[in-house]
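Observations on the three-dimensional arrangement
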Amino acid sequence: MACINLNLDVDVNSCLSGLWASLPVLGRPKSGIQKLEKEMARLRGKRDDIKNQIDQADRQGKIPTNEVSQWLREVEILEGKVGVIEQDFQSVTTTCNCFNQTDGTSSQTQRAGDQVLVRQSSNYCSIIRRVAKELGEANELMSRAGALDPVATVGPLKSTVMLPISHRPPVGIESYVEDIVGYIDGGEDNIIGIYGMGGFGKTTTLNRIQQHYLLKHTIFDRVIWVVASKGCQLKRLQMDIAKSLGLNTLQENDGENTCGDKLCSYLMNKNCLMFLDDIWEHLNLQLLGMAHSATEQGQQQHQQPRKVVVFTTRSETVCAQMKAEKKIKVRCLDSEQAWQLFEQNIDGDVLSSDAGIKFLAEELAKECAGLPLALVTVARAMSGKRSWEAWKEALHQTRDKHEWTTIGLSEDSLVMYKAFKLSYDSLENDSIRECLLYCALWPEDYEINKFEELIPCWIGCGIFDEFNMINEAFAKGYSHLEALGAASLLEKCDSDKVVKMHDVIRDMALLMVSGLQGNKRKWIVKAEIGLSDLPRQEEWQEAERASFMRNEITSLQEYEASTFPKLSMLILHGNINLKTIPPSLFTSMPRLTYLDLSDCCITELPKEICSLAELQYLNLSDNHIIRLQFEFGCLSKLENLFLRGTGLEIVPNGTISNLSMLQWLDIRNIPLVTDWWWDELKCFKGRHQLSVGITINATTDNIQRLNMLPPTVSIWHLTLDGENISKLPNYDLGTLQWGCRVSDNLEFLCIQNLRLDRLELAVGVGRESSLGCLKRLDFRFLNLLEEISLNRVRLNNLRELSICGCPMLNDVSWILQLPCLNFLEIIYCEGMKEVISEVGNSNPISSSSIQCLILWHMSDLNLIANRPFHFPYLEYVQVYDCPKLKKLPFGAEILKNRLKVIKGEDNWWNNLDWDDESIKDSLTPYFSASSCSREAMVLASLIMVYDQFRNEASAFWSRRL
């Protein structure tokens, strides 16, 4: 057989190099990948734009269309494929740099390289084909993107309600928490009722369960918290749930069924856990969006999203009406737990100072019968008592049968009332006691604004009867709030601007002023219970104080003269459809001293208002009142007048200036198109110093007017608004100089809508200190502002600083000059890269007194401080939409101080840079994910407030008519 020998010893490298030379026709792998990466960058940009559109649409209650969802999924799949290609290419190039061979290699090395080269070249060809395919797919997705219109259809947005996390479990409730969490995780029980008397710890138990699930984000898509309260309307609950979810599709004029359908539609495909606190009657869960269709239809649980409701109530009957699958009764604490709770709420050195005191304390704790709220209330009341005699008297008071036999309360209620009475009597003085009772005028579980509602009420009731300036009255008010909080008679809320009264404490307060046999005082409180009319005349004819706030009253009936001869206080605040006041109302209440008609729909007051000869407090805020009647000037005893947020244009000369007893005038947020304010203030003839809150057009003339006010007038709250004067040729307010009429008593200053690149706060010549009373400073929508500076101004008492909508502002390093600043809020300052940029350089200050730090919508922010900075008082941090902020200015050492919570987006938190991962582990229990929708809602509210500053009356009426 003939054999043919073929010499295949050829130069593989040179052959393949020829092949490589021909590759430009197909495209080299590296250049192809670069083209693919460029196209993917365009595709990702388009995807992000579409996601942004979806986010915007979500605020209108919409969800992505099926076409858009499919397109987004395809982009996600393509990203995965491209990632694999890039990994393969990296692997090939690092294994052998086959196209950069060097001369002088050995034949063995050359042969090995040839073998690798053949294999790698094959891989390169595969990569080239894959790159070409995915590049075509990317181009096709880009071309389809243009046709994705609309991107969303009807449906809403995510949200989760967050509460601050407590790290010390309350005494006696952990077993309830563990049981209920077990029932929920077990998957069989979807309606769970917690019942027991008020003050037994039901709400605390519910809070702890909520905190548990807020940390387990993967179990439920939505965790919802809503407070029902006695007399609560279903529609209000529906609106509260929608608000907590960021769901904007529910309208005030929707019926209950319509609202229920919208909630169900939104929650249909979501695993939801709802906490309903303090319900008093059966509620239709389907109308709250929590239909249990899977259980009811006998379907497998995994086939439909799960809906779980945990509620609290005082009544076991309500549990049955709600068809609770598990009923948990919260019982009294045993003696050991009771003493433990009592010890936790009293100064330890008090008990250790005297064996006799400790014995009496143990006996006093026994009198609380294991009722947690009573134990806490009594312990706090006795915390400052250091004499054996004081403890002996307290024990005698609670055991005095003669004092309690006439009250006619149940045994459990009597225990609580004894505790409340002991705490009430232990308050320092009658002034603080009165302040406590007036807190019961607001609705159950209502969060009362300290500054706008509570302290003004106390002032209007004459509790602080000796003060020269309104600043002094507020100082007393804050002192009384601290005393009531220390006694656990008022509760803190998420925001330190509001307080709340426990519903049991409120019941006890109302019992004290209304329901006890032989009580000479008579209060009628029917707040936020859905009233459409006032009660029958005979129900409150003998009342001294009446609160019908936040109801649905649309009209008032006519009354005969002196129908209510004892009535000194009437509150109709928040009846937003109440349009007219009958003239006879005023003549029927000859002894009225306090009248609150704020936030109604009133357009005009009858001239019979002059018959209220004893009136001292009048609140007409947030009504569309255009003119004051001339007779208004006859209110000779009026001390407090609130006209904030009205459309007031016509004020007859002398109407306000002749109110000789006037001490407080609030005319903020009024579109001051006329100069009546100046005519009235410059001629003020009062007997007392008048404190004024005012919004004015920010012209130099107006500021000069403020500086020329008579000695009896001082500015307490000032807003300078440039909205209406931006076209004036000369209104240089770059340096604001204050006279003593403005600066010496000013507590709140807001500067907004000015076209300035630099703003300097200064005092007049010869004055080295000014604005010494200033507590809050706001800068809003100063679009050109780059720098803020202080000139001889010492803001030593400034507590709060808010900056919003100043996109050119570089930093706020000047806050290092503010020794008492505890609240810093910066929003929509997109150009700011550092909050504080002077640490460690020329400025030796390296710590801050800030307790609350809020940073929102700052796209370029990458540092809070450029050097290590200490926050020994920091309690609350919130960061939202600050994508470049990768590092916090503190580590685990902050836990030794006062930190309570850090709020932000999950992605932001997970992508932070840490010097040590253990720091993140230590801080994670303090982190709460803050949903986009919730923060967007809050920001929208801020913008709405800004709009009201510009034209309050117009905004008010467009919302109601």
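In this text the structure is predicted, and so the values were computed from the model without any measurement. (Residues numbered from 1 in each chain as written. Predicted model: local features only at pLDDT ≥ 70, side-chain atom pairs only at ≥ 80, totals over all residues. Heavy atoms only, no water.)

Structural notes on the overall build of the chain
Per the secondary structure count, the chain includes 29 helices and 32 strands. A buried classification covers 53% of the 961 residues belonging to the chain. Long-range pairs, those at least 24 residues apart, make up 68% of the contacts in the chain with a sequence separation of at least 6. (Helix = DSSP H or I, 4+ residues; strand = E, 2+ residues; numbered from the N terminus. Buried < 20%, exposed > 50% of the residue type's maximum accessible area, 1.4 Å probe, protein only. Contact = heavy atoms within 4.5 Å.)

Description of helix H5 (residues 174–186)
Between its first and last C-alpha atoms H5 spans 18 Å; for 13 residues at 1.5 Å apiece the expected length is 18 Å, and the two agree. Along H5, the residues classified as buried are Tyr176, Val177, Ile180, Val181 and Ile184. Down the axis, H5 shows its buried residues gathered within 125° of arc, on one side only. Exposed residues pointing more than 90 degrees away from the buried face of H5 are listed as Glu178 and Gly186. (Expected span 1.5 Å × (residues − 1). Arc of directions from axis to C-beta.)

Topic: the sheet that holds strand E10 (residues 498–500)
Taken in spatial order, the three strands line up as E8-E10-E9 in an open sheet, and their pairing is antiparallel. Only two strands of the sheet have a single neighbouring strand rather than two, namely strand E8 (448–449) and strand E9 (491–492). Here two bridges tie E9 to E10, and the two strands are oriented antiparallel to one another. When the sheet's bridge partners are listed, Lys492 is paired in E10 with Val499. (Pairing = 2+ DSSP bridges.)

A closer look at the packing of aromatic side chains
Two numbers describe a pair of aromatic rings. These are the distance of the centres and the angle of the planes. Taken as a whole, this structure holds 27 aromatic pairs when the rule is applied. Ring geometry for Trp540 versus Phe548: centroids 5.1 Å apart, planes at 80°, classification edge-to-face. Of the two residues, Trp540 and Phe548, neither departs from the other in class, the shared state being buried. Ring plane angle 70° and centroid distance 4.7 Å describe the contact between Phe642 and Trp664, whose orientation is recorded as edge-to-face. Linking Phe642 in strand E16 (residues 640–642) with Trp664 in strand E17 (residues 664–667), this pair joins segments that are 22 residues apart in sequence. Take Phe642: its relative accessible area is 3%, and that puts it in the buried class. (Phe/Tyr/Trp six-rings, centres within 6.5 Å; stacked < 30°, edge-to-face > 60°.)

Quick look at the pairing of E17
With burial as the criterion, each face of E17 is covered, one bearing Trp664 and Asp666 and the other bearing Leu665 and Ile667. Where E16 lies against E17, three bridges are found, and the strand directions are parallel. Looking at the pairing, Leu641 lines up with Leu665 of E17. Two strands pair when backbone bridges link them, and E17 and strand E18 (residues 690–697) are joined in this way by four bridges, in the parallel orientation.

Details of the pattern of salt bridges
What the rule picks out here adds up to 42 salt bridges. Where Asp240 meets Arg236, a salt bridge forms, and the shortest distance between an N and an O atom there is 3.1 Å. Of this pair, Asp240 and Arg236 both sit in helix H7 (residues 234–245), separated by four residues, roughly a single helical turn. By relative accessible area, Asp240 is classed as partly exposed at 31%. For Arg236, a relative accessible area of 22% puts it in the partly exposed group. Across the pair Arg776 and Asp778 runs a salt bridge, and its minimum N-O distance is 2.9 Å. An identical accessibility class is assigned to Arg776 and Asp778; each is buried. Overlapping salt bridges, with partners in common, bring together Lys497, Arg776, Asp778, Arg780 and Glu800 in one network. (Salt bridge = Lys/Arg side-chain N within 4 Å of Asp/Glu carboxyl O.)

Some words on the packing of helix H13 (residues 355–367) against helix H15 (residues 388–399)
Here H13 crosses H15 at 20°, and the two axes come no closer than 9 Å. Comparing the axis directions of H13 and H15 gives the class roughly parallel. The hand of the H13/H15 crossing is left-handed. Within the contact between the two elements, H13 uses Gly356, Ile357, Leu360, Ala361, Glu363, Leu364 and Glu367 and H15 uses Trp388, Trp391, Lys392, Ala394, Leu395, Thr398 and Arg399. Here the residues of the contact of H13 with H15 sort into eight nonpolar, two polar and four charged. (Axes fitted to C-alpha atoms, helices over the stretch in contact; angles between N-to-C directions. Parallel < 35°, antiparallel > 145°, perpendicular 65-115°, else oblique. Left-handed = near helix turned anticlockwise from the far one by under 90°. Nonpolar A, V, L, I, M, F, W, Y, C, P; charged D, E, K, R; others polar.)

A short note on helix H6 (residues 202–214)
In this model, H6 (13 residues) spans 19 Å end to end at C-alpha, consistent with the 18 Å of a helix rising 1.5 Å per residue. Looking at H6, one finds that the buried residues are Lys202, Thr205, Leu206, Arg208, Ile209, Gln210, Gln211, Tyr213 and Leu214. Considering only its buried residues, H6 is in contact with H5, strand E3 (191–195), strand E4 (222–227), strand E5 (272–279) and strand E6 (307–313).

Thoughts on unusual backbone geometry
Despite not being glycine, Ser562 has its phi angle at roughly 55°, a positive value. By the element assignment, Ser562 lies in the loop between strand E12 (545–547) and strand E13 (569–571). Even without glycine at this site, His857 takes up a positive phi of about 50°. Within the secondary structure, His857 is located in the loop between strand E28 (852–856) and strand E29 (863–865).

Describing the nonpolar core
In this structure, Trp540, Leu570, Phe632 and Phe779 are the most contacted members of the largest nonpolar core, which totals 124 residues. If near-sequence neighbours (up to four positions away) are discounted, Trp540 is found in contact with Ile524, Leu534, Pro535, Ala546, Phe548, Tyr559, Phe564, Leu567, Leu570 and Met589. (Core = buried A, V, L, I, M, F, W, Y, C linked by side-chain atoms within 4.5 Å.)

Considerations on the environment of Leu247
Secondary-structure assignment places Leu247 in the loop between H7 and helix H8 (256–267). Here the alpha-carbon distance between Leu247 and Lys262, two residues 15 residues apart in the chain, equals 9.3 Å.

Let's talk about the side chain of Arg433
With respect to the helices and strands, Arg433 occurs in helix H18 (residues 430–438). Among the polar contacts listed, one links the side chain of Arg433 to the backbone oxygen of Tyr424, at a separation of 3.1 Å. Here the side chain of Arg433 touches Asp425 through a polar contact of 3.1 Å, landing on its backbone oxygen. Leave out the neighbours within four places in its chain, and Arg433 touches Tyr424, Asp425, Leu427 and Glu428. (Polar contact = N/O pair within 3.5 Å; in protein donor to acceptor, adjacent residues only side chain to side chain.)

Thoughts on the sheet that holds E5
Two orientations exist for strands paired in a sheet by backbone hydrogen bonds: parallel and antiparallel. Across the sheet, five strands lie side by side as E4-E5-E6-E3-E7; this open sheet has parallel pairing. Because the sheet does not close on itself, it has two edges, and the strands there are E4 and strand E7 (326–329). Here the strands of the sheet are splayed against their neighbours by 15° on average, with no regard to which way each runs. As paired strands, E3 and E6 are joined by five bridges and run parallel to one another. Counted as the bridge partner of Ile192 is Val310 from E6.

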